[in-house]
Amino acid sequence: MLRWQISDRVDTRLTLQGAKRDGTSTLAANINPTPLGTAVGIDGEDGRNYKVDPDLPIFGHLQSFVISSQTDWFFDSFDMKLLLSHQAHSNPYNYDYDGTSFPGASFIVHRHEADIDEAEIQFLSNEGTPWSDWLTLTGGAFYFKNEQGFDPVELTVGGLDPTNLSSVGVELPEALADLLSSVTEPLLGGVKTPVWSLSNIGLVETESWSVFLQATANITEWMALTLGGRYQNEVRGVAQSQTSVRLLNGTELPLVVWKEARDENDDPHPLSDVTKGFTPKIALDFRPFDDGTLFYMSYQEAVKAHSYNAFAFYLAPAYVEPEETVAYEIGLKTTLFEDTVQLNLAAFRYEIQNLQTQSISLTNGGALSLDTAGSSESQGWEFDIKADIFPSIFGNLIGTVNGTFLDATYTDYVDGAGHDPQTGIFTQNNDFTGNNVTRSPEFTGSASIANTWLIPGGPLEATISYYYNDGFFYAATNDPRFSQPKYDLWGAHLSYLLEDSNLRITLSGQNLKDEFYTAGMLKLDFGAMASLGTRRTLGLRLDYEF
């Protein structure tokens, strides 16, 4: 980072960041096979024992470059801030669809790139702004431009002809069979030509701008009102979506170039659309006591713009409607016992329309597909406690405890897509109303205890931590096969700073019980492809500042 303080009124910073990694992509383990997975010999035991044996060499390369700047101007009656950034990311990789040595489907992503530009300007009130003794103002504008996607991604099926998947238990969708026949059969006078792979280019572009304004007024000495709003205009569409086939002799033939998308009813939809509108925010803060206790309540609306899935091998790009959220929250922040305990409490409720979801199946476009739940509701409460534990006895001993109780359900989800819990076959037009929202555990909590001792040479810090998760579903079907049961994790670290040499030595341990858990999961035709959580890990780290 470079910093240039041009004058007392102008301060600018420039940051350059780059990263490069060469190795493997995600090694996912099939821990719960579907009936299709079981039929081809996958039992899931190897995956649950952290054994992954893909049928192809796995690779993954990542390159990223970020340049950003922040410039601050300080005027007599207001301050101004300008934020600029450009990001370029490239991530070619491959993925074994079934996660075993069985020669099933695999994806090879030759190019997966993102090009992102952002700009934001903020105007902030200061002590010289009129009425600054009771009014605080923030306003500005934001610009975003992005193009990203696959260019291309290739699907192979263990060296088999994708037009003859019945040999591995998958019937070729009629839409794909018709497309392939129209291209390959004429090559040999009506005789079917063997196909090696399918290749898809799917690129999505976005350009958006928004303006925002927020004002906080101190109505009395103990009550403040915040009013805010944001207007956004976001254009998003498909830059390119097309599929080709590669024959056994290496010849590549165009299969289809999509000129229009499809909506959730499979009706035609333009390849570009716009989400625009105004979303408000209102909040009230109350400080009725001299100890600084804060009571607050807020109401806020937000919109997640429409989206397109341009990545599908034989179906038109899918248009997904904007996701709309209404959020309510009330809370308390206070200190107790002569400021030795900090307590935060909050209750919340979220109402979401058109909740955006996703699923993956070879029989539904051959890849990722997007879906929307009609509506969902989430409500709960959370707490956060930080305490100095008997400071007169233990000195710097600090304990923290926090937790969240959550009830999240789909209140209207009648046209859902997913794998049938009984057969494992991917189906559509399912009714998931009343099911739990994915990745929504009923309770999560954590606790830690830490102490610092001043010993010769510098401070010695020790921490013990604990995390608990009540479990959740990865799929809207609430299929136990695609779920994470309850689990807990223990961790600890010991750190010693040699102040004279600016050298820090840290010994750490994660997942000390060696608990089995998943960090993520894809719901696939062959089963639950899980990214497994880190096993018991011990580490030694040296940090030197100069």
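To be clear, the structure that these remarks concern was listed above.
Residues numbered from 1 in each chain as written. Predicted model: local features only at pLDDT ≥ 70, side-chain atom pairs only at ≥ 80, totals over all residues. Heavy atoms only, no water.

**Looking at the side chain of aspartate 11**
Put simply, the rule reads: A helix here means a DSSP run of H or I that spans at least four residues, while a strand means a run of E at least two residues long, and both kinds are numbered starting from the N terminus. Under the rule applied, a polar contact is a pair of N or O atoms within 3.5 Å (in protein, one hydrogen donor and one hydrogen acceptor; residues adjacent in sequence only if both atoms are side-chain atoms). Working rule for contacts: check all heavy atoms of both residues, and any pair within 4.5 Å makes them a contact.
Take aspartate 11: it is sitting in strand E2 (residues 10-23). A distance of 2.6 Å separates the side chain of aspartate 11 from the side chain of arginine 3, its partner in a polar contact. Setting aside anything within four residues of it in sequence, one finds aspartate 11 in contact with Arg3, Trp4, Gln5, Gln70, Thr71, Asp72 and Phe74.

**Some thoughts on the pairing of strand E26 (residues 458-469)**
Here is the rule we go by: The criterion for strand pairing is that DSSP finds at least two bridges linking the strands in question.
Two elements, strand E25 (residues 443-455) and E26, share 12 bridges in a ladder whose sense is antiparallel. Its bridge partner being in E26, isoleucine 455 is matched across the sheet by glycine 458. Hairpin geometry of E25 and E26 is characterised by an intervening segment of two residues between the two adjacent antiparallel strands and by a positive phi of about 100° at glycine 457. Across 10 bridges, the pairing between E26 and strand E29 (residues 487-498) is antiparallel. The residue of E29 that forms the bridge with tyrosine 468 is aspartate 488.

**Quick look at the sheet that holds strand E31 (residues 518-524)**
What counts, and what does not: To obtain each axis, a line is fitted to C-alpha atoms, and for helices this fit is confined to the stretch in contact; angles are then taken between N-to-C directions over 0 to 180 degrees.
Spatially, three strands are ordered E3-E32-E31 in an open sheet, and the strand pairing comes out antiparallel. The strands lining the two open edges of the sheet, one partner per strand, are strand E3 (29-33) and E31. Strand-to-strand twist of the sheet, defined as the mean angle between neighbouring strand axes without regard to direction, takes the value 30°. In this sheet, strand E32 (residues 527-532) lies alongside E31 in antiparallel orientation, the contact comprising six bridges. Bridged to leucine 522 within E32 is methionine 529.

**With respect to the environment of leucine 36**
Counted only if it meets this: Each residue's exposure class comes from its accessible area (1.4 Å probe, protein chains only) as a fraction of the maximum for that residue type: buried when under 20%, exposed when over 50%, partly exposed otherwise.
Inspection of the secondary structure puts leucine 36 in helix H1 (residues 35-39). Note on leucine 36: relative accessible area 18%, which makes it buried. Sequence separation between leucine 36 and serine 531 is 495 residues; the distance between their C-alpha atoms is 20 Å.

**Quick word on the layout of surface pockets**
Here is the rule: Both cavities and pockets are sets of points on a 1 Å grid over the protein atoms alone; in a cavity a 1.4 Å probe fits but cannot get out, in a pocket the set is open with protein on both sides within 12 Å along at least five of seven lines, and lining residues sit with an atom within 4 Å of a point. Grid points are joined across faces, edges and corners, and a volume is the space filled by probe spheres set on the points. Ten residue types, Ala, Val, Leu, Ile, Met, Phe, Trp, Tyr, Cys and Pro, are classed as nonpolar, four, Asp, Glu, Lys and Arg, as charged, and the remainder, Gly among them, as polar.
The space that makes up the second largest pocket amounts to roughly 570 Å³. As for the second largest pocket, its lining consists of 27 residues, and the residues nearest its centre are Glu264, Asn265, Asp371, Asp415 and Gln428. Those elements giving two or more residues to the lining of the second largest pocket turn out to be strand E18 (318-320), strand E20 (341-360), strand E21 (368-388), strand E23 (416-419) and strand E24 (426-430). Among the elements that make up the lining of the second largest pocket, the one with the highest residue count is E21 (six residues). Looking at the lining of the second largest pocket residue by residue, the class counts come to nine nonpolar, 10 polar and eight charged.

**Here we look at the pairing of strand E15 (residues 272-286)**
One ladder, built from 15 bridges, connects strand E11 (residues 223-247) with E15; its direction is antiparallel. Paired with arginine 230 across the two strands is threonine 279, which belongs to E15. The pairing of E15 with strand E16 (residues 294-304) spans six bridges and is antiparallel. Each residue of the ladder has a partner; that of phenylalanine 286, found in E16, is phenylalanine 295.

**Examining the nonpolar core**
Most often, soluble globular proteins have nonpolar side chains that are buried together. Our working rule: Throughout, nonpolar core names a set of buried Ala, Val, Leu, Ile, Met, Phe, Trp, Tyr and Cys residues whose side chains join them through atoms within 4.5 Å.
Counting residues in hydrophobic clusters, the biggest one holds 24 residues, and the most contacted among them are Tyr97, Phe107, Val153 and Phe313. Looking at this core, the elements with two or more residues in it are strand E7 (105-109), strand E9 (135-157), E11 and strand E12 (252-257).

**Description of the environment of leucine 507**
Mapped onto the secondary structure, leucine 507 falls in strand E30 (residues 503-510). The class of leucine 507 is partly exposed, set by a relative accessible area of 48%. What leucine 507 contacts, discounting residues up to four positions off in sequence, is Ala492, His493, Leu494 and Gly539.

**Topic: a negative patch on the surface**
So the rule is basically this: The patches reported here contain residues having more than 30% relative accessible area and no salt bridge. Joining distances are 9 Å for like charges and 5 Å for nonpolar side chains (Val, Leu, Ile, Met, Phe, Trp, Tyr). All accessibility values rest on the Shrake-Rupley procedure with a 1.4 Å probe; residue burial counts only the protein chains present in the view. A carboxyl oxygen of Asp or Glu within 4 Å of a side-chain nitrogen of Lys or Arg is what we treat as a salt bridge. The charged-residue count follows a simple rule in which Lys and Arg add positive charge and Asp and Glu add negative charge, with His and chain termini not counted at all. A single reference atom marks each charge: NZ on Lys, CZ on Arg, CG on Asp, CD on Glu.
Side chains of Asp115, Glu147, Glu205 and Glu207 sit close together on the surface and give a patch of like negative charge. Within the element layout of this structure, glutamate 205 appears in strand E10 (residues 195-218). A residue is classified by how much of its surface remains accessible, and glutamate 205, at 38% relative accessible area, is partly exposed.

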